[in-house]
Amino acid sequence: MNEGIQKVYNIVKIRINYFVYSLSLLSETLCNSSFKLYHKDLKVVTKFLRGHLDKFFTNFNIMISIIVAVAENNVIGKDNDLIWHLPRDLKHFKETTTGHYVIQGRKTYESCGKPLPNRTNVIITRDKNYKVENCIIVHSLEDAIKVAKEDSEAFIIGGGKIYEQVLPLTDRIYLTKIHHSFEGDTYFPELNMDDWTEIDQRKFEPDEKNKYPFTILTYDRKK
Ligand SMILES: NC(=O)c1ccc[n+]([C@@H]2O[C@H](COP(=O)([O-])OP(=O)(O)OC[C@H]3O[C@@H](n4cnc5c(N)ncnc54)[C@H](OP(=O)(O)O)[C@@H]3O)[C@@H](O)[C@H]2O)c1
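Worth saying up front: this structure is predicted, and the values here are computed from it rather than measured.

Reading the values: rules and limits
- Counting from 1, residues in each chain are numbered in the order their sequence is written.
- The model is predicted, so local features are restricted to residues of pLDDT at least 70 and side-chain atom pairs to those at 80 or more, both for listing and for counting; the totals for chains, interfaces and linings are taken over all residues.
- Elements are defined by DSSP. Helices are runs of H or I of four residues or more, strands are runs of E of two residues or more, and each kind is numbered from the N terminus.
- In this scheme the burial state of a residue depends on its C-beta neighbours within 10 Å: 20 or more other such atoms mean buried, 12 or fewer mean exposed, and anything in between means partly exposed; the C-beta positions come from the backbone.
- Any residue pair is listed as a contact if its two C-beta atoms, each placed from the backbone, are within 7 Å.
- Whether a residue is near a molecule or strand depends on its C-beta atom, generated from backbone atoms, being within 6 Å of that molecule or strand.
- Asp, Glu, Lys and Arg are counted as charged, while Ala, Val, Leu, Ile, Met, Phe, Trp, Tyr, Cys and Pro are counted as nonpolar; the rest, among them Gly, fall into the polar class.
- By definition, a nonpolar core groups buried Ala, Val, Leu, Ile, Met, Phe, Trp, Tyr and Cys residues that are joined through C-beta atoms within 7 Å.
- For two strands to be treated as a pair, DSSP must find at least two bridges joining them.
- As a rule, the C-alpha atoms of each element are fitted with a line to give its axis, helices using only the stretch in contact, and angles between N-to-C directions run from 0 to 180 degrees.

A. Seen up close, the overall build of the protein. Counting its secondary structure elements, the protein contains 6 helices and 10 strands. Of all 223 residues assigned to the protein, the portion counted as buried reaches 24%. Taking as baseline every contact in the protein between residues at least 6 positions apart, the subset at least 24 positions apart corresponds to 70%.

What follows is the structure, encoded as structure tokens:
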């Protein structure tokens, strides 16, 4: 596909995903609140939709990719830290994200403790006073995507809370599946495999430096 057409296609697709996500949030809100559509309630619905439509029309013309390492039982972390140490997977992470925007939740940033070198680090927090040298601080996921829009592919690097929210907007997932279960407190959201096509798969056996077998999978959202 020609690059211009691909860009337009990405914008439309991401906006549609966001709209569907907004509608699902709305229906969740309605279900949880034993809603009756009185006049006052209609105003609430309209305000909600307007807020989400504004986001829907935000200029999201980039490819959004998640990169994550997931245990067999979907665990991704414990006590605000990673659980396993797999240098071969870290090499894949570095090679894939270098030169790009890396978007992360405040907790993931703090578990790492410093900006990732040779990448533009974007931290999402609700704390308006939060500051970190050499990082871009934003207060919503939409703003994170807006600041990264000059990139051809922006990477969402965690953690659980951010993956959950960004999944409906995601075009590609680089998923390292570790063939072992771990105890943890943070999980990657369940993927609906009807939405994704596997485009690449690389298997790695354990060795002296990498204790667990793992597979690096790449999924693209079905068109
Ligand atoms: N296995 C992997 O590939 C992988 C990758 C990354 C992280 N992890 C693990 O995941 C865990 C951390 O994940 P987590 O879910 O606890 O935290 P997180 O997603 O890294 O960060 C959550 C924080 O992000 C901010 N935030 C989230 N949504 C927001 C929104 N819509 N608007 C504004 N701010 C928002 C809030 O910060 P404030 O509280 O400051 O407002 C929130 O407390 C750690 O154990 C880490 O090691 C694993």
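B. How the structure looks around the site of the ligand. The immediate surroundings of the ligand are formed by 28 residues, with Gly77, Gly105, Gly158, Gly159 and Gly160 found nearest. Elements that contribute at least two residues to the shell around the ligand include exactly strand E1 (63-71), strand E2 (75-77), helix H4 (106-112) and helix H6 (160-166). For the shell around the ligand, the per-class residue count stands at 8 nonpolar, 13 polar and 7 charged.

C. Structural view of the nonpolar core. The biggest cluster of nonpolar side chains holds 35 residues, and the ones touching the most others in it are Ile103, Ala148, Ala154, Phe155, Ile156 and Val166. Of all the elements, E1 adds the most residues to this core, at 5 residues. Ignoring any residue separated from it by four or fewer positions in sequence, one finds Ala148 in contact with Ile62, Tyr101, Ile103, Val122 and Ala154.

D. Focus on the environment of Asn80. As for its position among the elements, Asn80 is in the loop between E2 and helix H3 (87-97). With 12 C-beta atoms packed within 10 Å, Asn80 lands in the exposed category. The sequence separation of Asn80 and Thr108 amounts to 28 residues, and the corresponding C-alpha distance is 7.2 Å. With residues near it in sequence (within four places) discarded, Asn80 still touches Lys107 and Ser111.

E. Geometry of the sheet that holds strand E9 (residues 196-204). Strand order across the open sheet formed by 8 strands is E5-E4-E3-E6-E1-E7-E10-E9, with mixed pairing between neighbours. Both outer strands of the open sheet, strand E5 (136-138) and E9, are each paired with one neighbouring strand and no more. With direction set aside, neighbouring strand axes in the sheet form an average angle of 20°. Bridge analysis of E9 against strand E10 (residues 214-221) gives 8 bridges, and the strand direction is antiparallel. Along E10, the bridge assignment pairs Thr197 with Asp220.

F. Structural view of the pairing of E10. Where strand E7 (residues 172-178) lies against E10, 7 bridges are found, and the strand directions are antiparallel. Directly across from Arg172, in E10, lies its bridge partner Asp220.

G. Up close: the pairing of strand E3 (residues 101-105). By the criterion of burial, E3 is predominantly enclosed, with 5 of the 5 residues buried. Where E3 and strand E4 (residues 120-124) come together, 5 bridges link them in parallel fashion. Bridge pairing in E4 places Tyr101 opposite Thr120. Pairing between E3 and strand E6 (residues 153-156): 2 bridges, direction parallel. Across the sheet, Ile103 pairs through a bridge with Ile156, a residue of E6.

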